[in-house]
Structures are given as structure tokens and as C-alpha cells.
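The primary structure of each chain is shown beneath.
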Amino acid sequence: MTYLVAAYAVMWLITFIFVLSMAIRQRHLAAELEALKERLQETKRYGE
Amino acid sequence: MSSAWQAVWAIVKKDILAELRTKETLSMMLIFVLLAVFIFNFAFDLRVENVREVAPGVMWVAFVFAGVLGLNRSFIQEADKGCLDGLLMTPVERSVIYFGKMLGNLIFMLVVDAISLPVFSVLLNLALVRWDIALIVVLGTLGFAGVGTLFSAMTANTRAREVMLPLLLFPVALPLVLAAVKATAGVLDGAGLREVANWLNLLIGYDVAFLTISYLTFDYVVES
Amino acid sequence: MERWGVSKLAIVLHGLAGAAILVALYMALVFAPTEATMGHVQRIFYWHVATAWVGFFAFFITLVASIAYLRTGRRRWDIVALSSVEIGLAFAVIMTVTGSLWAKPVWNTWWTWEPRLTTVAIMLLIYATYLLLRRVIEDPGRRARFAAVYGIAGFVSVPITFMAIRWWRTIHPVIFKSEGFDLTPAMLAALIVSVLAYSLLYISLLLLRTQLEFLSDEVAELRESLDE
């Protein structure tokens, strides 16, 4: 039954897209956090 | 208790007097309602056979769109002229401001509805000026003004505010509009109020739910 | 993984949820008996109903979090409200699309304006507008407050949607009636497992999404303090 297969596929697809978009955003944010923390270290060093 | 009602009445009076000076908003709403009926007339080709079926929907769509117009102007005028800030600085409870603005909006909408009904009766050749339809109009407009006042206070300060109000309001108000249309249609088809009781109950329940929610949350929408 | 802003608990829970979904799918596709009149397409029912109930529940959580935010003013409640709307909307879309895919072979139409579908469409519009509303408000405090008020007002549509098939005449199947339900024990078991699995998925997604938002807050704060 193609409708059954399609319904199965839709469920996986939407869940997968949701999780994937979260993962991508998390990757970017984590990288930005690291970069900002480094900048913080630098400004602290120059402050002394 | 009576000082709260005095405050509410003061706000309503202020809005009415301001409107009586220019009559801008009322006339805009009235013209809009008439325009809506004209457009529907041409869009649906309102010949005699169709009219009774389409009339309740046409009527309520016209009322709802004109209502949004009135709601928009109500708070945008306040926000632009800084009246809202002035109002907020007075020592009244926010919920009093809510009831004041809501009653003002309700009165304007009911005035427009009251003038429109006889005009629709003539244009659509249907007897619409009857007390059972008037009751449905009051119940429907009450709920619409209730939740519309809350949302218009919200959207007056957002980007794209004229568009945001209908976007927020229409989905939430749809059950109300649906019940009003079904009740009006039932009554026009000759049913008594008891037969459309289900829809009336939905209208009343909706009014109670949204007046309560708006009364409880209005505070959070106007504080800066 | 802690330094990446996502906790080990969340990842583990998400893995468990994935496994649970696989079990639920086995129950739905293999374990449950084939329905007499509709055949295999009836199996859509298991994850259609599961995503529906969990979706409604997600919007209920938004209601609770919105009220909590208005009363406490704490950003964590705003984050929960937002996250739950996103997840609820995703589940509600799955529910709607799977329902439509079931409807085509059984009702011979993808869509019809009957009470359940109409109220679902309204509900979807309302929560999509919730996300739009958040985008057009710049001030964060105001954004959270207004979204909370709308999250409360919008929830009125959920019980109406849920009860639509009981209040009005409809072609949408009514499985759970006051007299009992039309499911064999095996079908009921598959449904319960599905609901549990999707609930677990909801919880894990909620954890992940809220942690992501907290991370975003942290980054924004750090960016601001460095740019001063």
C-alpha cells in the first residue's frame, strides 16, 4: 500500500528535518561560543 | 467597585466623544461594510436563489473585516498620540482600561452593525432586522470585541501592525464566526432560537472564555 | 558534550526515544492485526493518533509554561513555551499529513471541510502565527510576554479540536466512545506503545530544543558583553 509507505516516510522525514536543523544550529552556536570565549581570553590578557 | 465603573465609563466616554468629533472611524467602517456587500454581490452573483444561503456568511465577513478596521484604529491612534502612556500613568487597574476600551470598541461595532442590518435587508432583499438576529449579532460582536481589544493592544506596538492584527485575530475568532454564521443561517431558514441553541451555547461559552482570558492577561500586554 | 551546551541526558534520552519509535513501528506494522475493511492502510492510525495526542499535549505544555512565564517572568518558561510550540506544530503537521494520506484511499479525497479537519486547520494556523508573532516583536521582554498571552488565548482552540468529533456529526472515525472502544486488545497494545514512544520523543526533543535556546542565550550574552 503506497499510502502506508508514504505516511511512514512523512513521519520520519519531518522528525529527521526537525532534529537535523537543531543539530546544525547547535553546531554553529557551539563554534561561535568557542570563538567568543577565545576573544574573552585575549581581552583579559591585554587588560593585564 | 463603583469607582472602577466610573473609570470604565470615563474611558468609554472619552473614546465616544473623540469619535463624535470626527466620525472618521465609524464612517470608514460603514463604507467598508457596504463595499464588502457590493463586492460579494458581484463575486457570487447574488440572485434571489443564492441570497438566503450566502447572506449569513456575507454579513459576518463584512462585520468582521469592518471590526478589524475599527480595532486597528482604536489602539494605533492611542499609541501614536501617546494617549496610552497617559492612560497608563493614572492610578487605574489595567483591567479597567481593558473594559473601557473593549466597551468602546463594542459600541462602535454595534452601531455599525445596527446601521448595516437594514441596509443589507434592502440590498439582499431579506428580512434581517429581527430580534433573534440582533441577539446573535450582539453575542458574536461581544466575543469579537473581547478578544480583538486584547490583540489590538498587543499588535499596536509590533512591526507590520495592521497585518498582524487580522493574522492573530482571525484564526482565534473563527469558531466564533462559524457559530454566528450557523446560528444566523438557521434562524433565517425559520428555526427558532431553541433549535440553534448549540451554536448559541458555543457563542456564549466563547464570549465568557475570551472575556475572562483578556481581562486576566491585559495587564501583561500594556505594561512597558 | 557539556561544553557544547547539550547534555548527555538529552542525547541518551533521544536515542532511547528512537529505539522506542522503532518498537512502536514494529507493533503498528507487524504485531497489530490487519483491519477487516480497510486493510493495511489502517495501520497509519497508530502514529496518526499518537502524534495527535502528543501534539495536543505539547500545546497544553505551552499553555502551562505561558502562564508560568507571566507569573514569574523567568526566561526558562518562555523557552519551554516556544520549544513546545515548535515540536507540537511538527507533530500536528505529521498528524495532518498522515491523516490526509489515510483519507485518500478511504474517503477518496485528500481533504474535506468537516468539523475535525476544519478545527485542526484553525489550530495549525494559530500556532504558526505564534511563531510569526515572535518574529515581529523586537524587544525580548515584550516578545515573551505577548507570546505567552497568545499561547494562552490560542489554546482555546485545542479542546475544541479534540472534542470536535464528539460535539458534531462527522465522517472522521470515533474510536473511543463512552460505551467503549472499537479496538482489539492487540490493536490497543500497539496504540499504547505508539503513544508512549512518541511521548518519549517529545520529551527528548523538548530537552534538546530548550538546551539549544539556552545555548543561544549564552552566546548572545557573551557577544553583547564583548561588544561593549
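Residues numbered from 1 in each chain as written. Chains lettered and ligands numbered in written order. Predicted model: local features only at pLDDT ≥ 70, side-chain atom pairs only at ≥ 80, totals over all residues.

K.L.:
Any chance you could explain the overall build of chain B here in plain terms?
P.N.:
Within chain B, the secondary structure is distributed over eight helices and zero strands. Written out in order from the N terminus, the α and β elements of chain B read α-α-α-α-α-α-α-α. The C-alpha atoms of chain B give a radius of gyration of 18 Å, which matches the 17 Å a tight globule of 224 residues would have. The buried share of chain B, reckoned over its 224 residues, is 45%. For chain B, contacts bridging at least 24 residues in sequence account for 81% of all contacts bridging at least 6. (Helix = DSSP H or I, 4+ residues; strand = E, 2+ residues; numbered from the N terminus. Rg over C-alpha atoms; globule rule 2.2 N^0.38 Å. Buried ≥ 20, exposed ≤ 12 C-beta atoms within 10 Å, placed from the backbone. Contact = placed C-beta atoms within 7 Å.)

K.L.:
Would you mind going over the environment of tyrosine 215 of chain B with me for this structure?
P.N.:
By secondary structure assignment, the location of tyrosine 215 of chain B is in helix H8 (residues 197–222). When the C-alpha atoms of tyrosine 215 of chain B and leucine 193 of chain B are compared, they prove to be 29 Å apart, with 22 residues separating the residues in sequence.

K.L.:
Would you explain unusual backbone geometry in this entry?
P.N.:
A negative phi angle is the norm for most residues apart from glycine, just as the trans form is the norm for most peptide bonds. A positive phi is found at lysine 23 of chain B, a non-glycine position, where the angle reads about 55 degrees. When you line up the elements, lysine 23 of chain B lands in the loop between helix H1 (2–22) and helix H2 (24–44). What makes lysine 23 of chain B exposed here is the crowd of 10 C-beta atoms within 10 Å. Although it is not a glycine, asparagine 108 of chain C sits at a positive phi angle of roughly 65 degrees. Position of asparagine 108 of chain C among the secondary structure elements: in the loop between helix H3 (75–107) and helix H4 (115–136). Classification of asparagine 108 of chain C by C-beta neighbours within 10 Å gives exposed; the count is 8.

K.L.:
Please explain the interface of chain A and chain C as it appears in this structure.
P.N.:
Accessible area lost on assembly of the parts is the figure often given for the size of an interface. The interface of chain A with chain C comprises 19 residues on the first partner and 28 residues on the second. Of the residues assigned to the side of chain A that touches chain C, the class counts are 15 nonpolar, one polar and three charged. (Nonpolar A, V, L, I, M, F, W, Y, C, P; charged D, E, K, R; others polar.)

K.L.:
Looking at this structure, I do not really get the interface of chain B and chain C. What am I missing?
P.N.:
Tallying the contact residues gives 17 residues for chain B and 18 residues for chain C. Mapped by element, the contributors of at least two residues to the side of chain B that touches chain C are helix H6 (131–155), helix H7 (161–188) and H8 of chain B. Counting residues per element, the side of chain B that touches chain C draws most heavily on H7 of chain B, which supplies seven residues. Here the side of chain B that touches chain C is built from residues that sort into 14 nonpolar, two polar and one charged.

K.L.:
Can you walk me through H3 of chain C in this structure?
P.N.:
Because each turn of an α-helix spans 3.6 residues, side chains separated by three or four positions end up pointing in the same direction. All names here are of chain C. A rise of 1.5 Å per residue sets the reference length of H3, with its 33 residues, at 48 Å; its end C-alpha atoms lie 46 Å apart and thus fit the reference within 8%. Within H3, 25 of the 33 residues are buried, leaving the element largely enclosed by the surrounding structure. Backbone geometry just downstream of H3 places asparagine 108 in the positive-phi region, at approximately 65 degrees. (Expected span 1.5 Å × (residues − 1).)

K.L.:
Hey, could you run me through the packing of helix H5 (residues 94–124) of chain B against H8 of chain B in this one?
P.N.:
Helices that pack against each other are described as a pair by the angle of their axes relative to one another and the distance between those axes. Residues and elements named next belong to chain B. Where H5 contacts H8, the axes come no closer than 8 Å and their chain directions differ by 105 degrees. One element, H5, and the other, H8, form an angle in the roughly perpendicular class. Contacts between H5 and H8 involve Arg94, Ser95, Ile97 and Tyr98 from the former and Ser214, Tyr215, Phe218, Asp219 and Val222 from the latter. Here the contact of H5 with H8 is composed, by residue class, of five nonpolar, two polar and two charged. (Axes fitted to C-alpha atoms, helices over the stretch in contact; angles between N-to-C directions. Parallel < 35°, antiparallel > 145°, perpendicular 65-115°, else oblique.)

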